[in-house]
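One-letter residues, chain by chain:
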Amino acid sequence: MAAIGIDVGGGSIKGALIGEDNRIVKEAVRANSGARSAEDMAADMADIIRELSADCAVDAIGVGLPGTVDDAAGVVVYTPNVDFRLYDLRGRLLELTGHTVRLINDANAAAFAESLAGAAKGAESAVIVTLGTGVGGGVVIGGKLLTGYTGAASELGHMVIVQDGEPCGCGRKGCFEAYASATALVRMARRAMESNPQSLLCRLAEAEGKVSGRTVFAAYDAQDPAARAVVERYLDHLATGLANLVNIFYPEVIALSGGIANRGESLIRALEERVFSQVHGAAYAQKRTRLTTCNLGYEAGMIGAALYAKGMQ
Ligand SMILES: [Zn+2]
């Protein structure tokens, strides 16, 4: 059974035809930058669906969006960076293509894909944590996404890990996101640069014209004391949030994605002791929970949307 997964992002709308083995057979993409209306984006999605279904029968189509969706109603409730407000996307795509689509939050779609076809394939349960501009993720238990009563569950980035801590975009203080996102790492690095103007971190940032997560880790790898202090503190906070998630869900796998997770094994090794020393019943958890990185990359959002739609058939 072939399925289509669409991933709507601020820069592009990507679609993929997914085969029986959950791998991508064919891709189609449309640019999505600048101010675009919901109608324009729906028209692009319809184009992608027509292009990908031209040569084969498609049984399920899923669309992943960056925000709140009501899949039961087929409505995109709200998306912070692209312009959907209470938009009947299922109705519009049915008119344009004759196909019925399912809607899913994009972070949940990526988590679903990593659980069923990626880093946690075959695992009984998985928590996927994305470390990007913010901290997002999803929880999959027994092959099912944890969506909560309203569909808005798994906002992993907004559990408070420091009471009265750094301000978060959500309005609270001390959220996991305010300490473990790439944005948070850069904020900590900027502060360290102010008090360590002679550091390698400062020289690298000056040479690049900016400071990014990559700059901080480059200075860290070169043993710069200022960068090492920043990264150690960052890892401690990241580990606290991950340990909380292990304590709550006790998943078989906890997998990290996003730019920082590209450090792969060295990140996992630096985190393992920090995380499992905080886990309740540590000896048991070390045997049972596997900490790893995700492996589907940008394909995860499309594959997850398609798998979600297939499961809803
Ligand atoms: Zn928050």
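About the criteria used
- Residues numbered from 1 in each chain as written.
- Predicted model: local features only at pLDDT ≥ 70, side-chain atom pairs only at ≥ 80, totals over all residues.
- Heavy atoms only, no water.
- Helix = DSSP H or I, 4+ residues; strand = E, 2+ residues; numbered from the N terminus.
- Rg over C-alpha atoms; globule rule 2.2 N^0.38 Å.
- Contact = heavy atoms within 4.5 Å.
- Areas by Shrake-Rupley, 256 points an atom, 1.4 Å probe, with all protein chains shown as cover.
- Lys, Arg positive; Asp, Glu negative; His and termini not counted.
- Charge placed at Lys NZ, Arg CZ, Asp CG, Glu CD.
- Donors = N, O, S within 2.8 Å, 3.2 Å for Na, K, Ca; no water.
- Tetrahedral: all angles 85-135°; square planar, octahedral: opposite > 155°, others 65-115°.
- Buried < 20%, exposed > 50% of the residue type's maximum accessible area, 1.4 Å probe, protein only.

Novice: Whenever I open this one, the overall build of the chain confuses me. Can you help?
Specialist: Across its full length, the chain carries eleven helices and 13 strands. Against the compact-globule benchmark of 20 Å for 313 residues, the chain has a radius of gyration of 20 Å, which places it among compact chains. Within the chain, residue pairs in contact and separated by at least 24 positions form 59% of the contacts whose partners lie at least 6 positions apart. Only carbon and sulfur atoms are counted for the fraction: they give 50% of the accessible area of the chain, which is about 14200 Å². When the 29 positive and 35 negative side-chain charges of the chain are each reduced to one mean point, those points stand 4 Å apart.

Novice: Sorry if this is basic, but what is going on with the coordination of the zinc ion here?
Specialist: Reference values for coordination geometry: four tetrahedral donors around a metal ideally subtend 109.5 degrees, six octahedral donors ideally subtend 90 or 180 degrees. Protein-derived coordination of the zinc ion comes from His158 (ND1), Cys168 (SG), Cys170 (SG) and Cys175 (SG), at a distance range of 2.0 to 2.3 Å. Geometry at the zinc ion is tetrahedral, judged from its four donor atoms and the angles of 102 to 123 degrees they form at the metal. If you list the donors of the zinc ion from N- to C-terminus, the spacing comes out as H-x9-C-x1-C-x4-C. Exposure remark for Cys170: the relative accessible area of 40% places this residue in the partly exposed category. The buried category is assigned to Cys175, whose relative accessible area is 0%.

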